[in-house]
Structure formats: C-alpha cells, structure tokens
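Spelled out from the first residue to the last, the chains are:
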Amino acid sequence: MRDLLRRPASPGPLADLEAAAEPARDTPVAELELVALDLETTGLDPRRHEVLSVGWVPVRGGEVVLGGARHLPVRPRGNVGDSAVVHGLTDDALASAPTLEEVLPEVVTALIGPGPVRRVLVAHFSRVETTFLGAACREAWGAPLRVPVVDTLEVERRLLRGTPHAAGAVRLDACRVRHGLPRYRAHSAVVDAIACAELFLAQCAVLEERLGRPVVLGDVRS
C-alpha cells in the first residue's frame with residue numbers, strides 16, 4: 001500500500017498536478033488558491049457505486065468566483081438505481097453525458113492553480129470526494145489524488161467543540177443556517193459546491209475572530 005501511495009502518476013493531468021507546488025501550512029487562506037468541489041454519486045462506496053455529476057467553484061482572495069463554476073453530468077457504467085430519489089439524476093438524463101474517464105482530466109486540471117500550485121480542495125464530508133476521485137485517478141493514471149484538503153464538516157466540529165449539539169448539526173444545510181447563510185436546494189453538485197464555498201468563508205470569519213489573526217491553511221487543513 002505504501003508503494004502504491006508513493007507511485008508517480010503516468011503522464012497526464014495528474015502528473016501535472018503532482019509537479020505543482022504544494023502551499024505551505026502558514027499560507028493565509030486569503031492568499032490560497034482553493035476549489036470547493038462536490039460529487040453526486042449512486043452511493044458512498046467507490047468500490048460499488050459511481051459518480052453521476054461533478055460540480056466545483058474556485059475560491060480566491062476571500063471570494064467565491066462564480067464565473068469559474070462548472071457542473072459536469074457523468075454517465076455511469078451501470079444504472080443510477082434508487083439514488084435518483086436523492087439527487088433527481090435519472091438514467092435517461094445521463095444517457096448522453098460523458099463518462100467519468102472523459103471528464104476526469106478537466107476535474108484534475110481544475111485543481112492546478114497559477115504558478116503552478118496545487119489548489120486546496122474544499123468539500124463537506126470530503127471523504128466522498130477524495131475516495132471517489134482517488135479511485136478514478138488510480139484507474140486512469142496509476143496513482144492516487146494527492147491534494148491538500150479542507151473538510152468544512154471537520155472545521156464545523158472544531159467550532160462546535162465544547163458545545164452540546166445533535167448529530168445532524170454538522171450537515172451542510174444545518175451549518176449554513178447556523179452561520180446565517182441562505183438555504184439552497186441540496187444535491188445538485190455545483191449548488192452544493194457553492195454552498196460549501198460560502199460556508200467555508202463564513203467559518204474562516206468566525207475562526208479569525210477567535211484566533212485574533214488571519215486564518216492560515218494549517219488552521220483548517222484536514
């Protein structure tokens with residue numbers, strides 16, 4: 001397993017990402033290149049389930065760059081099954097969409113910023129995004145996805161530390177309500193990515209007030 005994790009990627013976008021510089025842990029968040037990203041899938045296990053759509057939006061200079069948002073539907077190898085009840089993506093709607101192998105180069109390239117530098121992946125319950133994209137990268141280029149990650153669910157848990165709260169209090173929608181953000185329709189990959197990006201900036205504002213200094217990557221990195 002250790003050899004697999006260290007194995008360099010075959011030439012392509014993943015190798016380009018690995019060649020990009022990784023941001024230092026003391027880099028202020030306002031100076032980071034970040035990408036909030038969300039996947040809609042048929043389930044939570046990348047060994048059995050499939051990606052159905054990918055959405056992302058850049059975050060730069062403390063702002064969500066809506067002009068850079070992307071939403072890519074993905075045609076699965078199998079059928080969407082009961083997951084359509086959650087996200088509304090049906091077999092018919094995805095019949096003419098590209099496959100994950102076809103959209104993956106654009107997704108990985110979106111994680112490379114000017115410099116080049118590795119952009120920080122921001123996601124809520126990031127295990128879904130990192131495991132599904134990691135498995136896809138291993139299949140396509142023989143190596144896992146290696147990027148710095150910020151999980152807004154974990155950041156919220158830290159903010160709530162010492163405060164009694166229900167298990168559902170760290171769901172994306174509940175977190176947004178707590179930070180005074182508007183409610184969006186859930187389970188659209190790009191809408192959830194934007195919702196996650198806005199939540200992260202709100203969390204950073206709270207953290208900055210508590211720390212009495214600008215938030216740096218090391219304060220929030222998973």
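In the annotation of an unreviewed UniProt entry, the entry for the chain reads DNA polymerase-3 subunit epsilon, and the organism field reads Ornithinimicrobium humiphilum.

Draft legend 1. Expanded view of the overall build of the chain. Counting secondary structure elements, the chain contains 10 helices and eight strands. Compactness check: the chain gives a C-alpha radius of gyration of 17 Å against a globular reference of 17 Å for 222 residues, within 12% of the reference. Overall size of the chain, expressed as C-alpha extent along the three principal axes, is 50 × 40 × 35 Å. Out of the 222 residues belonging to the chain, those deemed buried represent 49%. Expressed as a percentage of contacts within the chain between residues at least 6 apart in sequence, the contacts between residues at least 24 apart total 67%. Here the chain displays about 11,100 Å² of accessible surface, and carbon together with sulfur accounts for 53% of that area. In the chain, the 26 positive side-chain charges and the 29 negative ones have mean positions that sit 5 Å from each other.

Draft legend 2. Region of the structure containing the pairing of strand 7 (residues 120-123). Side chains Val 120 and Val 122 project from strand 7 onto one buried face, and the interleaved Leu 121 and Ala 123 project onto a second face that is buried too. In this sheet, strand 8 (residues 149-151) lies alongside strand 7 in parallel orientation, the contact comprising three bridges. Note that in strand 8 the partner of Leu 121 across the bridge is Val 149. With helix 6 (residues 127-141) bridging strand 7 and its parallel neighbour strand 8, the resulting β-α-β unit is right-handed.

Thresholds applied
- Residues numbered from 1 in each chain as written.
- Predicted model: local features only at pLDDT ≥ 70, side-chain atom pairs only at ≥ 80, totals over all residues.
- Heavy atoms only, no water.
- Helix = DSSP H or I, 4+ residues; strand = E, 2+ residues; numbered from the N terminus.
- Rg over C-alpha atoms; globule rule 2.2 N^0.38 Å.
- Buried < 20%, exposed > 50% of the residue type's maximum accessible area, 1.4 Å probe, protein only.
- Contact = heavy atoms within 4.5 Å.
- Areas by Shrake-Rupley, 256 points an atom, 1.4 Å probe, with all protein chains shown as cover.
- Lys, Arg positive; Asp, Glu negative; His and termini not counted.
- Charge placed at Lys NZ, Arg CZ, Asp CG, Glu CD.
- Pairing = 2+ DSSP bridges.
- Right-handed = clockwise from strand over helix to strand, strands pointing away.

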